[in-house]
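Here are the chains, one letter per residue:
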Amino acid sequence: MSQLEELERLRETALERLRQVSTSEELEAWRIAYFGKKGAVTQALKAIGSLPPEERPEYGRVSNEVKLALQAAYEAKEREVREAELARALQARAVDVTLPGRPPAAGRLHPTTQTLRQIAHIFAQMGFQVYLARDVELDLYNFELLNIPPHHPARDMWDTFYTTREGVLLRTHTSPGQIHAMREHAPEPLRVILPGRCHRYEQVTARSESMFYQVEGLAVGRHITMADLKGTMVNFARQMFGPDRRVRFRCSYFPFTEPSVEVDMDCILCGGKGCRLCKGTGWLEIAGAGMVHPTVLQNGGYDPRVFSGFAFGMGPERIAMLRHRIEDIRYFYTNDLRFLQQF
Ligand code: 2U9
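Every value quoted in this text rests on a predicted model; they were computed, and no experiment measured them.

Asks: I'm lost on the overall build of the chain in this one. Help?
Replies: The helix and strand inventory of the chain stands at 11 helices and nine strands. Relative to the compact-globule value of 20 Å for 343 residues, the chain shows a C-alpha radius of gyration of 42 Å, a clear excess of over 25%. Overall, the chain is about 130 × 50 × 40 Å in size when its C-alpha atoms are taken along their principal axes. When burial is assessed residue by residue, the chain has 43% of its 343 residues classed as buried. Long-range contacts, defined as pairs at least 24 residues apart, comprise 66% of the intrachain contacts of the chain with a sequence gap of at least 6. When the accessible surface of the chain is summed, it comes to about 18,900 Å², and 55% of that surface belongs to carbon and sulfur atoms. Averaging the coordinates of the 44 positive side-chain charges in the chain and doing the same for the 42 negative ones gives two points 5 Å apart.

Asks: Before we go on, may I ask you to explain unusual backbone geometry in this structure?
Replies: With glycine set apart, most residues show a phi of negative sign, and most peptide bonds adopt trans. Between Ala186 and Pro187 the backbone carries a cis peptide bond, its omega angle lying at 0°. Counting through the fold element by element, Pro187 comes out in the loop between helix 7 (175-185) and strand 4 (190-199). Across the junction of Glu258 and Pro259, the peptide omega takes the value -5°, indicating a cis bond. Phi is positive for Lys279, which is not a glycine, with a value near 50°. Within the secondary structure layout, Lys279 lies in the loop between strand 7 (257-266) and strand 8 (283-292). Lys279 gets classed as exposed once you look at its relative accessible area, which sits at 66%. Even without being glycine, Arg325 reaches a positive phi, approximately 50°. Note that Arg325 resides in the loop between helix 10 (316-323) and helix 11 (337-340). Overall, Arg325 belongs to the partly exposed group, its relative accessible area being 38%.

Asks: I'm lost on the nonpolar core in this one. Help?
Replies: Core analysis: the largest hydrophobic core is formed by 38 residues, its most contacted members being Phe123, Phe236, Ile286, Phe312 and Met314. Among the secondary structure elements, those contributing two or more residues to this core are helix 5 (111-124), strand 5 (211-221), helix 8 (226-241), strand 7, strand 8, strand 9 (308-314) and helix 10. No other element matches helix 8, which puts seven residues into this core.

Asks: In this structure, what is going on with the sheet that holds strand 1 (residues 129-130)? I would like to understand it.
Replies: If you trace the seven strands from one edge of the open sheet to the other, you get 1-4-5-9-8-7-6, paired in mixed fashion. Sheet topology places strand 1 and strand 6 (247-254) at the edges, where each strand pairs with a single neighbour. Note: strand 5 against strand 9, seven bridges, orientation antiparallel. Its bridge partner being in strand 9, Gly221 is matched across the sheet by Ser308.

Asks: Honestly, the packing of aromatic side chains in this entry has me stumped. Any pointers?
Replies: To describe a pair of aromatic rings, one takes the distance between the centres and the angle between the planes. What the rule picks out here adds up to 16 aromatic pairs. The interplanar angle of 35° and the centroid separation of 4.9 Å between the aromatic rings of Trp30 and Tyr34 together place this pair among those described as tilted. With a gap of four residues between them, Trp30 and Tyr34 both fall in helix 2 (residues 24-35), about one helical turn apart. No difference in accessibility class separates Trp30 from Tyr34, as the two residues are buried. In textbook terms, an aromatic cluster arises when at least three aromatic residues are bridged by ring pairs, as seen for Tyr213, Tyr331, Phe332, Tyr333, Phe339 and Phe343.

Asks: I tried to follow the packing of helix 5 against helix 10 on my own but got confused; where do I start?
Replies: Angle between the axes and distance between the axes are the two parameters that describe a pair of packed helices. Relative to each other, helix 5 and helix 10 sit at 100°, their axes nearing to 9 Å. Compared by their axis directions, helix 5 and helix 10 come out roughly perpendicular. Where helix 5 abuts helix 10, its residues Thr112, Thr115, Leu116, Gln118 and Ile119 lie against Pro316, Glu317, Ile319, Ala320 and Arg323. Taken together, the residues of the contact of helix 5 with helix 10 sort by class into five nonpolar, three polar and two charged.

Asks: Before we go on, may I ask you to explain the pairing of strand 6 in this structure?
Replies: Side chains on a regular strand alternate between the two faces of the sheet. The sheet contact formed by strand 6 and strand 7 spans seven bridges and is antiparallel. Its bridge partner lying in strand 7, Phe254 is registered against Thr257. What sits between the antiparallel neighbours strand 6 and strand 7 is a turn of two residues.

Asks: What is the right way to look at the site of the ligand in this model?
Replies: Of all residues adjacent to the ligand, which total 18 residues, the nearest are Gln178, Gln214, Phe256, Gly288 and Gly313. Measuring from an oxygen atom of the ligand, one finds a backbone N or O atom of Gly288 at 3.4 Å. In the complex, the protein chains occlude 87% of the 560 Å² of accessible area that the ligand would expose alone. With respect to the detected pockets, the ligand is housed in the largest pocket. At the level of elements, helix 7, strand 5, strand 8 and strand 9 are the ones that each hand at least two residues to the shell around the ligand. Here the shell around the ligand is built from residues that sort into 10 nonpolar, seven polar and one charged.

The rules behind these values
Residues numbered from 1 in each chain as written. Predicted model: local features only at pLDDT ≥ 70, side-chain atom pairs only at ≥ 80, totals over all residues. Heavy atoms only, no water. Helix = DSSP H or I, 4+ residues; strand = E, 2+ residues; numbered from the N terminus. Rg over C-alpha atoms; globule rule 2.2 N^0.38 Å. Buried < 20%, exposed > 50% of the residue type's maximum accessible area, 1.4 Å probe, protein only. Contact = heavy atoms within 4.5 Å. Areas by Shrake-Rupley, 256 points an atom, 1.4 Å probe, with all protein chains shown as cover. Lys, Arg positive; Asp, Glu negative; His and termini not counted. Charge placed at Lys NZ, Arg CZ, Asp CG, Glu CD. Core = buried A, V, L, I, M, F, W, Y, C linked by side-chain atoms within 4.5 Å. Pairing = 2+ DSSP bridges. Phe/Tyr/Trp six-rings, centres within 6.5 Å; stacked < 30°, edge-to-face > 60°. Axes fitted to C-alpha atoms, helices over the stretch in contact; angles between N-to-C directions. Parallel < 35°, antiparallel > 145°, perpendicular 65-115°, else oblique. Nonpolar A, V, L, I, M, F, W, Y, C, P; charged D, E, K, R; others polar. Near = heavy atom within 4 Å. Polar contact = N/O pair within 3.5 Å; in protein donor to acceptor, adjacent residues only side chain to side chain. 1 Å grid on protein atoms, 1.4 Å probe; cavity = no way out; pocket = protein on both sides within 12 Å on 5 of 7 lines; lining within 4 Å. Sits in = over half its atoms within 2 Å of the grid points.

Given below as structure tokens:
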């Protein structure tokens, strides 16, 4: 077979193999087989040197024609392969809009936040506005202005996280916020609730955490009495735990209220007969409260001869534990989705 026939056969076989190509990998393999350093076309072009001089012009012309024809065929095939692969990719990524979407994993409010909002909603209906105060406080506001002078035993009621800055601590209750609220509003009447994080240097147990939430409340005005306090707490208990709740007030002690009470409601599990939840007492403590101590009123900028007030405090985790029969407060802050997804 002559060199020229060789060239013709090279053109035919190269075009035939190119027709079989359908992917860019196969196309690259074809390009190397024919146009690579050792490619058949490259070799054929180099072979001109080995021919007798009289055959070179014709051979040169035909071999160049074959090269150009195969290059053109290669570029056409390259476009075809690229479009086919793009179409396949688009097809593969094609979103069948008729398919139901994957529902986005909707998060939800943390049970403590849900309870805080329910509590805020109930007190908003009684005219209490939400007042947010800082976590890092001065000893002055967290203790002294709340009738808890230095070395007062009540300070042991709260094991405190002190900071390296003298007189600066992490608040042990939201009460210091109420001093700020009073000083901002005095001598205007005031009704506020103060939800927020509190910090106590305490052993973490099933019933206590070192960081927890509190909601405290305060109402200051003229002629505010214990009856107003009792009515407010009874209404809260019935809004939160059901209209037929019975509520009782037990004498207690807080440095910033006088008189002070614990607020109990009849057990939501046994209705007062006594059970494991209420430890057989039939009553569940839901809050502490009292009439604001005159010294604390004074510290807040109100004249205790003219103004009086009541205050209360509760733990939203405890309220949520009662509402949802949760045994262990540690569930709240271990970020266990099995627990959190139930709310
Ligand atoms: C000012 C005046 C009065 C806030 C009060 C309580 C009673 C109370 C506890 C409830 C659950 C803390 O988280 S808890 O353990 N709090 O029982 N708190 S009266 O009295 C105040 C506060 C500030 C200016």
